Amino acid sequence: MFGFILRRLAVAIPTLLLLIVLSFLLMYAAPGGPFTQERALPPQVLANLNAKYGLDDPLWRQIVNYVWGIVAHFDFGPSFIYPDRSVNQIIAAGFPITLTYGGIAFVVAVAVGVSLGVTAAIRQNTWLDYCAVGLSIGAQVLPNFVMAPILVLVFTLWLGWLPGGGWGGPIFWIMPVIALSTSFMASIARITRSSMLEVLSSNHIRTARAKGLPERAVILRHALKPAMLPVISYLGPAFVTMITGSVVVDMYFSTGGIGRSFVDSALNRDYAVMMGITILVGALTILFSLVVDLLYAWIDPKIRY
Amino acid sequence: MTRLFLTTALVMGLAVPAFAAKPAEGEKLADKQEMNYWILDALKSLDPHKNTDREGSDALRQLFEGLMNEDINGAMVPGVAESYEVSDDKLVYTFHLRDAKWSNGDPVTAGDFVYGWRRIADPATASEYAWFMELMNVENAPAVVKGEKKPEELGIKAIDDKTLEVRLTAPTPYLLKTLAHPSTFPAPQKVIEAEGDNWTEAGKLVGNGAYKLDQHDLGVQAVLSKNDNYWDAANTILTTVRFVTVNDQNIGLTRLLAGELDWMDRTPAGQFPRLQQEYPDQAVSVPDACSYAYLFNLSDKGPEALKDLRVRQALSYAVDRDIIVDKVLQGGQKPAYWWTHWATEGFQAPDIEMSKWTQAERVEKAKALLAEAGYGPDKPLKLSIQYNTSDDHKKLAVAVQQFWKQIGVQVELANYEWKVHTDRLQNQDFEVARYAWCADYNEPSTFVDYFRTDGYNNGKFSNADYDKLLNDAKTAADPAPIYKAAEELLIKEMALVPVYHYAKPMMVKADLRGWPKANVMNDWYAKDMYRVAE
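Rules used in this analysis
Residues numbered from 1 in each chain as written. Chains lettered and ligands numbered in written order. Predicted model: local features only at pLDDT ≥ 70, side-chain atom pairs only at ≥ 80, totals over all residues. Contact = placed C-beta atoms within 7 Å. Helix = DSSP H or I, 4+ residues; strand = E, 2+ residues; numbered from the N terminus. Nonpolar A, V, L, I, M, F, W, Y, C, P; charged D, E, K, R; others polar. Domains from an automatic or database assignment. UniProt positions renumbered as here; feature names shortened; annotations may be inferred. Core = buried A, V, L, I, M, F, W, Y, C linked by C-beta atoms within 7 Å. Buried ≥ 20, exposed ≤ 12 C-beta atoms within 10 Å, placed from the backbone.

## Regarding the interface of chain B and chain A
- In this complex, chain B contributes 39 residues to the contact, which on the side of chain A involves 40 residues.
- In terms of residues, the side of chain B that touches chain A owes the most to one element, helix α14 (residues 418-426) of chain B, which gives 6 residues.
- Along the lines of polarity and charge, the residues of the side of chain B that touches chain A split into 15 nonpolar, 11 polar and 13 charged.

## Structural notes on the domain arrangement of chain B
Residue and element names in this part refer to chain B.
- Looking at the assigned domains, one finds that chain B contains domain 1 (2-243 + 509-531) and domain 2 (288-502).
- Here the C-alpha centre of domain 2 lies 34 Å away from the C-alpha centre of domain 1.
- Here the side of domain 1 that touches domain 2 is built from residues that sort into 7 nonpolar, 4 polar and 1 charged.

## Concerning the UniProt feature "domain: ABC transmembrane type-1" (unreviewed entry) in chain A
- UniProt records the feature "domain: ABC transmembrane type-1" (unreviewed entry) for residues 95-296 of chain A in the present numbering.
- Annotated as 82% helix and 0% strand, the span residues 95-296 of chain A places its first and last C-alpha atoms 28 Å apart.

## Thoughts on the UniProt feature "domain: Solute-binding protein family" (unreviewed entry) in chain B
- UniProt annotation of "domain: Solute-binding protein family" (unreviewed entry) refers to residues 76-457 of chain B when read in the numbering used here.
- With 29% helix and 22% strand, residues 76-457 of chain B has end C-alpha atoms that lie 29 Å from one another.

## Description of the UniProt feature "transmembrane region" (unreviewed entry) in chain A
Residues and elements named next belong to chain A.
- Within the UniProt annotation, "transmembrane region" (unreviewed entry) is assigned to residues 9-30, 90-118, 130-159, 171-191, 231-253 and 273-299.
- Along residues 90-118 the backbone is 100% helical and 0% strand, and the end-to-end C-alpha distance reaches 41 Å.
- Structurally, residues 130-159 is divided into 90% helix and 0% strand, and its ends, taken at the C-alpha atoms, are 31 Å apart.

## Thoughts on the nonpolar core
Residue and element names in this part refer to chain B.
- Of all hydrophobic cores here, the largest spans 227 residues; its most connected members are Met133 and Tyr294.
- Residue contributions to this core reach at least three from each of two domains, namely domain 1 (2-243 + 509-531) and domain 2 (288-502).
- With sequence-adjacent residues up to four places away left out, Met133 is seen in contact with Trp117, Ile120, Ala121, Val138, Ala141 and Val145.

Okay, here's the thing in structure tokens:
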């Protein structure tokens, strides 16, 4: 097991390096640069800016310097667009925000999604099943960029219960959590339901029922665990997506999270911020796919590393 | 050197406070003096010498103060400078500073301005607004920006703590108007040297404006509160100003209606007529110093057809500006038949023939001109219109495509994201492109200089007579007739398709007073504002 973990972490390093180099090359292939603006900068000012940010070095040297900065000093460089801040500061300010609402949204999505899916499966073809399926299809097709303005309209303007945006105490978390968790919840419910139905018709469940176990114990002790396998492989990447934020949530609720910074940095050619967030998402993705693999082994005794 | 007081405002500045919030007769102040101002994006920088956008400038005008300020009508009024003298050759300005303090209690000195101006020009700062010193014609600015001369050689000098001397290389009629721009603000040297790039964080930032920075959450809000060390703090009424970021305009509007915002200076496209009906006391449209146009690529890389004046005229005539303004934009914008924004100070409307014709006449003339140039059903003119991603630009491009179809021109639309669009414009990789220009200061040269041979001029229009007119304007006692002649020449040569002059369709809470109603630059000062009891 430890050997497996070490091997996976060893592979993670070249993977991340590849990610850095590819992102760097893609970024440079895109036309325009961080200092492209409507009013073209005088050539000498542009030269000064390029010199300051090291953009006048050959590409290979920029990549080497960049990687060295991270390895040696954990320094992701200065932001090009927010000259008062470094990338470390931008991520340090924004990531806790997305982690908060994303983490809560994850818990909500899993709790509600799994409950809905299980309920639908064990009461298959009853009104409960239809309601659960209907609800999850509804949640799935309602995109969050439609839901967000509706939430603000209802809870801020009409009812006056919640602030329409910003970031602070738990009262600011409610709408982002609803907007972010809904579609994930729907997917989880759908996967849980179909996986549960499959498990419920398998031999070991028939055996459990045949030896007279109460239905509750059959579901919780014998069916739920194997039914969770496909759900967990979905949850790994979903968790990373959620905690690294959503552009829509950040945009509509002005949370200050890094989801918005990510898209902004791409549009503004803020190379450093974009690289920083790409590496963060990449590292988290690698980490959580490892966690998913370990959970697999824990759930399914057939899997051994 | 003669002692001159060029504007009455400056003379008044000696006797009474420059300009301050002053409730009118019978107005009762509200108990809560706070204002929440909507901004679309995060404030990118609160460093006056690194900021590049308008929202940043709005915040910086509260946190810092330059030599001059603007009043609600756009007139220049004294800021830190109490009075000034100008030499007979108009090349040396001497400013006398008032007793003012930084928010940490230190006195504001002439040396702080010297430091600030050198800092923005210094290549080491790599400021994207270093060109502003060149625009002002400050002595040695181009050489300092290039790194050929030391920042110490820039034409600004502290004669003593209260006297500042600025030397120019050419008479600059608009100099005073540039002195309210954040690029010319003083900077607290000690703080910047101690804190480095992070000096603008809340708690570290030291300014000399009427407000100080209490809190700044990037992309959420910046909270400013009254600075008791400000020289005119006694006449400052608003106690708290928040810059609240809402990236989506529709949500911004909802939050304004819910009472979370007090002022939104750009309502969502198409909503303004409805807002005007439903909230007549809050929906206002004010002129805004930007002009929207389609540029022709007249460079060697541009299409041959556009080098024919008749073709350019035909394309310009065919655009129905009334439809664009009344049916598409609907926010109080005005049709444009020339380049300079109509509300720019000191601008005389040029005599443009096309503006007097009906649209039917214009279309007829356009067809005739195209036929004369050799285009017709057998040999249709084909062009592409390039625009950057935005619903509004798209709507306009589609409309123009239809207008041009009427005269037999086949148009292909090319949409690029902002940076790519700009990059292509600057490399002359386009045929016809959407463009807008906003004034740097409230005087026509900021617009007309664009089309100089050595101007930004992405379409590479070049006309020796035009350049000469603008050179003459720099030293003329009254440049207004020259600007008028330049505009007439520009349209005679049809260097562009002027489309419309900007306006800001806004929502402002009815109890908020003191915001600029007649300042086409729309620069505002929270110290001039207050809220009345309803």
